[in-house]
2 protein chains.
Amino acid sequence: MNEDRPFFSNLKCRECGRLYPKEAIHICEFDFGPLEAAYDYDAIRSSISRERITSRPQTMWRYREFLPIDGAPTVGAQVGFTPLVKADRLAAALGVKELYIKNDTVNYPTLSFKDRVVSVALSRARELGFKVVACASTGNLANSVAANAAAAGLRSYVLIPADLEQSKVLGSLVYGTNVIGIHGPYDQVNRLCSEIAGKYGWGFVNVNLRPYYAEGSKTMGFEIAEQLGWKLPRHTVVPMASGSLLTKIHKAYKEFIHTGIIEDQPFTIHGAQASGCSPISEAMKKQVEIVKPVPKPETIVKSLAIGTPADGYYAIRTMKDTGGSAEDVSDAEVIEGIRLLAEYAGIFAETAGGVTVASARKLIESGKIPRDESIVLCITGHGLKTAEAVQGKCGEPRLIKPSLREFEALVADEVAAAAN
Amino acid sequence: MNEDRPFFSNLKCRECGRLYPKEAIHICEFDFGPLEAAYDYDAIRSSISRERITSRPQTMWRYREFLPIDGAPTVGAQVGFTPLVKADRLAAALGVKELYIKNDTVNYPTLSFKDRVVSVALSRARELGFKVVACASTGNLANSVAANAAAAGLRSYVLIPADLEQSKVLGSLVYGTNVIGIHGPYDQVNRLCSEIAGKYGWGFVNVNLRPYYAEGSKTMGFEIAEQLGWKLPRHTVVPMASGSLLTKIHKAYKEFIHTGIIEDQPFTIHGAQASGCSPISEAMKKQVEIVKPVPKPETIVKSLAIGTPADGYYAIRTMKDTGGSAEDVSDAEVIEGIRLLAEYAGIFAETAGGVTVASARKLIESGKIPRDESIVLCITGHGLKTAEAVQGKCGEPRLIKPSLREFEALVADEVAAAAN
């Protein structure tokens, strides 16, 4: 396949632009800048078209010219193309005109956007000959590595903070992966993984395979543009952990413009965090580009609890370049955000989704997102993954015997009220 | 829309064939037979084609000529077209040649096949003017009614046995629906709902709207046929609660053959139950057509725990007509089934999925499914919905401090073993 579409050309230092071969490396030897996938956009431009894309199956791989593998995907071939849901009732509740939910709560196979990055990383891991794959994770990534590795027959190790949500731990264990719980916050897990990656020759999806892995997030942006009828939303609100997803949605929008898939048009990208771990949002609010680490995150939003965000600086640059803002919300607001999304759009999101909805609400109320401009909220994982966050906070069933009389007594008042 | 495609013509008694208008009724006044949607297949045949279907968005509504609503869907327009996954590693583990998983664990929006039936029922409920919708449910249906009603702005009541899995209760409450827990098994919940439906003028999706509701299950069959390249699997294994899904997959296959979408070809449909509530499987094994009720189901598979299955008789007829068999499995085998599917296909299913996999394994081992013929397993809901069934049964994380030395001590043996 490489012969007829050599679109993915190199790795390239994001700082100095130095080119590197397409290997399992992730840091520039000269300035320690992150390496990123680079493409031959002229070749892509002369090959790709809307028609070509739409003729392909509805998965994230319909944008394969923009993804950093050489051949056909061998892992996660059916991932992506999740619904973009026009949420009119939620729009009314938030007082805005045009609102969409990009719904990765139903992404295949493990109900989060991480299936996008993992299918790229593991497909590339196979091309590079790895037999064991691994990751540092706050939960979703571990679930996805475990499931996709199981389907592909790769051995896997997932390293997670020991105090993760029950469903996220179970959602890795069930696939028969090796789950290692680390006593410490995510940043310590990540640091340990950097040491391990160098020693064992394993494919760590978010360490030595990170340049490949990260590109998978672009597909969320490509899909949003296609599903809106080949145009961009005026505003996109993205949750931030490392900050990578936000920068990659930006890259996707720019690539579609650069290759002529969509017209040049204004767009703004906003970032959302939980106040208990909001280093990127803090820096944005203080108008600085240096992200001050949060040594001890304290929030129910464990999937975003990264105190030293690897792409924080680039996320800030992206928000600034597009005229965007960052916002952060308390744990109580997170729960409100989850409930708003469920009650008005019928979508049950994990805590990160609550962050996105609640932050969007703040951005709307403060005027940073005008009420008459189109908005997409990126909802990245399913609510059952963090069930304990809302358990006991959505009421309880009313209990009766199987008796019509008991039922009638129970609902009489509300039925009468509804009839008036 | 009715004018140019009057494909859905009537309701019709499944026993005597008497025709009824397309209203909120479900039982024949003369012989108490169930009413079913009837179509003008000649009109469908002259209108539909593979090309026409594939030109439409990848949702269950691409088969809309075969669905019983008059206009365009107003609820659940993005439901369906879940992945059909070729599961080669699981095939090898089960010792068969060609195996596929129809993966409704990632169905939009509530992670089970019930979103298919609910989107039809609620779209029809709106056409019929209902403002309040309701259901009797073992959990998945309640989740789907609650979510889809929330998105559509319909009031909803969901009635469930009081002892359901935690995630299934939460997965209804979060949408702000009215959850009523009934002290008693599902059959008593269902009986109560029949009494309520007559009195309140509500649209009960599986009582007075049942003829519309049930047709939604056909889309799982249509999708299987299309995704296999417009042909049928030789064997389809379907979990049975009321038995409805199995009969509707059969109807879908027959309709595709009858209207010329696919060629006439042999196919066999098998049913799967949990041994703690297996009235249909028991009847099949005893070669009788009378289903003996199970007054007190005892199984971890609550979603299939229907002691008096409404479509049991028709499920038996379907299996017999297609040369199929029924099988049932113990709770321990259910867990094994869940783990097999997770470890070899990377798909985490709820207990009903474990029933399907474990029953398929038995059918293969007993020779009822030949090892060299193609097989589709219908996996109907996500594993996080019944997490407690596998909690503590998939091992636990191994815990260490964030130290390379501790990590190396932990994995030294297995890394050495894997290297040899």
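Residues numbered from 1 in each chain as written. Chains lettered and ligands numbered in written order. Predicted model: local features only at pLDDT ≥ 70, side-chain atom pairs only at ≥ 80, totals over all residues. Heavy atoms only, no water.

- Labelled according to an unreviewed UniProt entry, chain A appears under the name Threonine synthase, originating from Terrimicrobium sacchariphilum.
- Checking UniProt for chain A, the heading Cofactor (unreviewed entry) contains the comment "pyridoxal 5'-phosphate".
- Under the heading Sequence similarities (unreviewed entry), UniProt records this for chain A: "Belongs to the threonine synthase family." (UniProt positions renumbered as here; feature names shortened; annotations may be inferred.)

**Focus: the pairing of strand 7 (residues 155–161) of chain A**
Residue and element names in this part refer to chain A.
- Of all 7 residues in strand 7, 6 are buried, a share of seventy percent or more.
- Inspection of the sheet shows strand 6 (residues 132–136) paired to strand 7 by 5 bridges, in the parallel sense. Its bridge partner being in strand 7, Val-132 is matched across the sheet by Arg-155.
- Taking the sense of rotation as the criterion, the β-α-β connection linking strand 6, helix 5 (residues 140–152) and strand 7 turns out right-handed.
- Pairing geometry for strand 7 and strand 8 (residues 178–182), over 5 bridges, is parallel. Across the sheet, the residue bridging to Pro-161 is Ile-182, located in strand 8. (Buried < 20%, exposed > 50% of the residue type's maximum accessible area, 1.4 Å probe, protein only. Helix = DSSP H or I, 4+ residues; strand = E, 2+ residues; numbered from the N terminus. Pairing = 2+ DSSP bridges. Right-handed = clockwise from strand over helix to strand, strands pointing away.)

**Focus: the interface of chain B and chain A**
- Listed by partner, the interface residues are 77 residues for chain B and 77 residues for chain A.
- Between chain B and chain A, the buried area comes to about 6500 Å², and carbon and sulfur atoms account for 66% of it.
- At the junction of chain B with chain A, the criterion picks out 2 salt bridges.
- Lys199(B) serves as the salt-bridge partner of Glu408(A), at 2.8 Å between the closest nitrogen and oxygen.
- It is helix 15 (residues 404–419) of chain B that contributes the most residues to the side of chain B that touches chain A, 8 residues altogether.
- Of the residues contributing to the side of chain B that touches chain A, the split by class is 47 nonpolar, 19 polar and 11 charged.
- By the bridge criterion, 3 bridges tie strand 8 of chain A to strand 14 (residues 398–400) of chain B in an arrangement that is parallel. Residue pairing across strands places Gly181(A) opposite Leu399(B), the latter belonging to strand 14 of chain B. (Contact = heavy atoms within 4.5 Å. Buried area = accessible area lost by both parts, 1.4 Å probe. Salt bridge = Lys/Arg side-chain N within 4 Å of Asp/Glu carboxyl O. Nonpolar A, V, L, I, M, F, W, Y, C, P; charged D, E, K, R; others polar.)

**Some remarks on the UniProt feature "modified residue: N6-(pyridoxal phosphate)lysine" (unreviewed entry) in chain A**
Residue and element names in this part refer to chain A.
- UniProt records the feature "modified residue: N6-(pyridoxal phosphate)lysine" (unreviewed entry) for Lys-114 in the present numbering.
- For Lys-114, the location among the structural elements is in helix 4 (residues 114–127).
- Residue Lys-114 is classed as buried on the basis of its relative accessible area of 17%.
- When near neighbours in sequence (up to four residues on either side) are disregarded, Lys-114 contacts Asn-140, Leu-141, Ser-144 and Tyr-213.

**Details of the relation of the copies chain B and chain A**
- For the pair chain B and chain A, the superposition axis carries a translation of 0.0 Å, the fit reaches an RMSD of 0.0 Å, and the rotation angle comes to 180 degrees. On this basis, the relationship between the two copies can be described by a two-fold rotation axis. For chain B, the residue whose C-alpha comes nearest the rotation axis is Val106(B), separated from it by 2.6 Å. (Least-squares fit on C-alpha atoms with pLDDT ≥ 70 in both.)

**Regarding the packing of helix 4 (residues 114–127) of chain B against helix 5 (residues 140–152) of chain B**
All names here are of chain B.
- Contact geometry of helix 4 with helix 5 gives a least axis separation of 9 Å together with a crossing angle of 45 degrees. Relative to helix 5, the element helix 4 is oriented oblique. The two elements helix 4 and helix 5 cross, and the hand of that crossing is right-handed. Of the residues in helix 5, those touching helix 4 at Lys-114, Asp-115, Val-117, Val-118, Leu-122 and Arg-126 are Asn-140, Leu-141, Ser-144, Val-145, Asn-148, Ala-149 and Ala-152.
- Partitioned by chemical class, the residues of the contact of helix 4 with helix 5 number 7 nonpolar, 3 polar and 3 charged. (Axes fitted to C-alpha atoms, helices over the stretch in contact; angles between N-to-C directions. Parallel < 35°, antiparallel > 145°, perpendicular 65-115°, else oblique. Left-handed = near helix turned anticlockwise from the far one by under 90°.)

**Some points on the nonpolar core**
- Core analysis: the biggest nonpolar cluster contains 306 residues, and Leu159(A), Phe256(A), Leu159(B) and Phe256(B) have the highest contact counts within it.
- Not counting residues within four places of it along the chain, the set of residues in contact with Phe256(B) comprises Ile53(B), Tyr63(B), Phe66(B), Phe222(B), Ala225(B), Trp230(B), Ile261(B) and Ile262(B). (Core = buried A, V, L, I, M, F, W, Y, C linked by side-chain atoms within 4.5 Å.)

**A few points about empty space enclosed by the protein**
- Going through the model one piece at a time under the given rule, you end up with 2 cavities of 30 Å³ or more.
- Taken as a whole, the largest cavity holds about 60 Å³ of empty space.
- If you go around the largest cavity, the residues you meet are Thr110(A), Leu111(A), Asn143(A), Ser167(A), Gly171(A), Tyr175(A), Lys385(A), Phe348(B), His382(B) and Leu384(B).
- When grouped by side-chain class, the residues that make up the lining of the largest cavity number 4 nonpolar, 5 polar and 1 charged.
- A class-by-class count of the residues in the lining of the second largest cavity yields 3 nonpolar, 4 polar and 1 charged. (1 Å grid on protein atoms, 1.4 Å probe; cavity = no way out; pocket = protein on both sides within 12 Å on 5 of 7 lines; lining within 4 Å. Points joined across faces, edges and corners; volume = space filled by probe spheres on them.)

**Comments concerning the sheet that holds strand 12 (residues 326–329) of chain A**
Residues and elements named next belong to chain A.
- Spatially, 6 strands are ordered 4-5-13-10-11-12 in an open sheet, and the strand pairing comes out mixed. Every other strand in the sheet has two partners, leaving strand 4 (84–86) and strand 12 as the edge strands with one partner each. Looking at each pair of strands side by side, their axes are set apart by 25 degrees on average, direction ignored.
- Of the strand pairs in this sheet, strand 4 and strand 5 (residues 99–103) are connected by 3 bridges, and their pairing is antiparallel.

**A closer look at the state of the cysteines**
All names here are of chain B.
- Applying the stated criterion across every chain yields a total of 0 disulfides over all chains.
- Lacking any disulfide linkage, Cys-16 is separated from the closest cysteine sulfur, that of Cys-13, by 3.7 Å.
- You can call Cys-16 partly exposed: its relative accessible area is 40%. (Disulfide = S-S within 2.5 Å.)

**Observations concerning the environment of Pro370(A)**
- Turning to its location among the elements, Pro370(A) is positioned in the loop between helix 14 (351–365) and strand 13 (375–379).
- Given a relative accessible area of 28%, Pro370(A) falls into the partly exposed group.

**Description of the packing of aromatic side chains**
- One pass over the full model with this rule turns up 34 aromatic pairs over all chains.
- A ring pair is formed by Phe348(A) and Tyr175(B), whose centres lie 6.4 Å apart and whose planes are at 80 degrees; its orientation type is edge-to-face. In this pair, Phe348(A) sits in the loop between helix 13 (331–345) and helix 14 while Tyr175(B) sits in the loop between helix 6 (166–173) and strand 8 (178–182), so the two residues belong to two different chains. Assigned by exposure class, Phe348(A) and Tyr175(B) land together as buried.
- Relative to Phe222(B), the ring of Phe66(B) has its centre 5.0 Å away and its plane inclined at 40 degrees; by these criteria the two rings are tilted. Placement of the pair is Phe66(B) in the loop between helix 2 (50–54) and strand 4 (84–86) and Phe222(B) in helix 9 (residues 218–227), with a sequence separation of 156 residues.
- In this structure Phe66(B) comes out as buried when scored by relative accessible area, which is 0%.
- Ring pairing ties together the aromatic residues Tyr63(A), Phe66(A), Phe222(A), Trp230(A) and Phe256(A), which thus form one cluster.
- When the ring centre of Tyr314(A) is taken as reference, the NZ or CZ atom of Arg14(A) above it lies at 4.0 Å. (Phe/Tyr/Trp six-rings, centres within 6.5 Å; stacked < 30°, edge-to-face > 60°. Lys NZ or Arg CZ within 6 Å of the ring centre and 35° of its normal.)

**Some thoughts on the pattern of salt bridges**
- On inspection of all chains with the given rule, the structure shows 56 salt bridges over all chains.
- One salt bridge in this structure joins Glu327(A) and Lys285(A), with 2.8 Å as the shortest N-O distance. Of the two residues, Glu327(A) sits in strand 12 while Lys285(A) sits in helix 11 (residues 279–285), which places them 42 residues apart along the sequence.
- On the basis of relative accessibility, which here comes to 42%, the residue Lys285(A) falls in the partly exposed class.
- Between Glu255(B) and Lys218(B) there is a salt bridge, with the nearest N and O atoms lying 2.9 Å from each other. On the criterion of sequence distance, the pair formed by Glu255(B) in helix 10 (residues 244–258) and Lys218(B) in helix 9 is long-range, its members being 37 residues apart.
- Residue classification places Glu255(B) among the buried residues on the basis of a relative accessible area of 3%.
- In the salt-bridge network here, residues are joined through shared partners; they are Arg14(A), Glu36(A), Glu215(A), Lys218(A), Lys248(A), Lys251(A) and Glu255(A).

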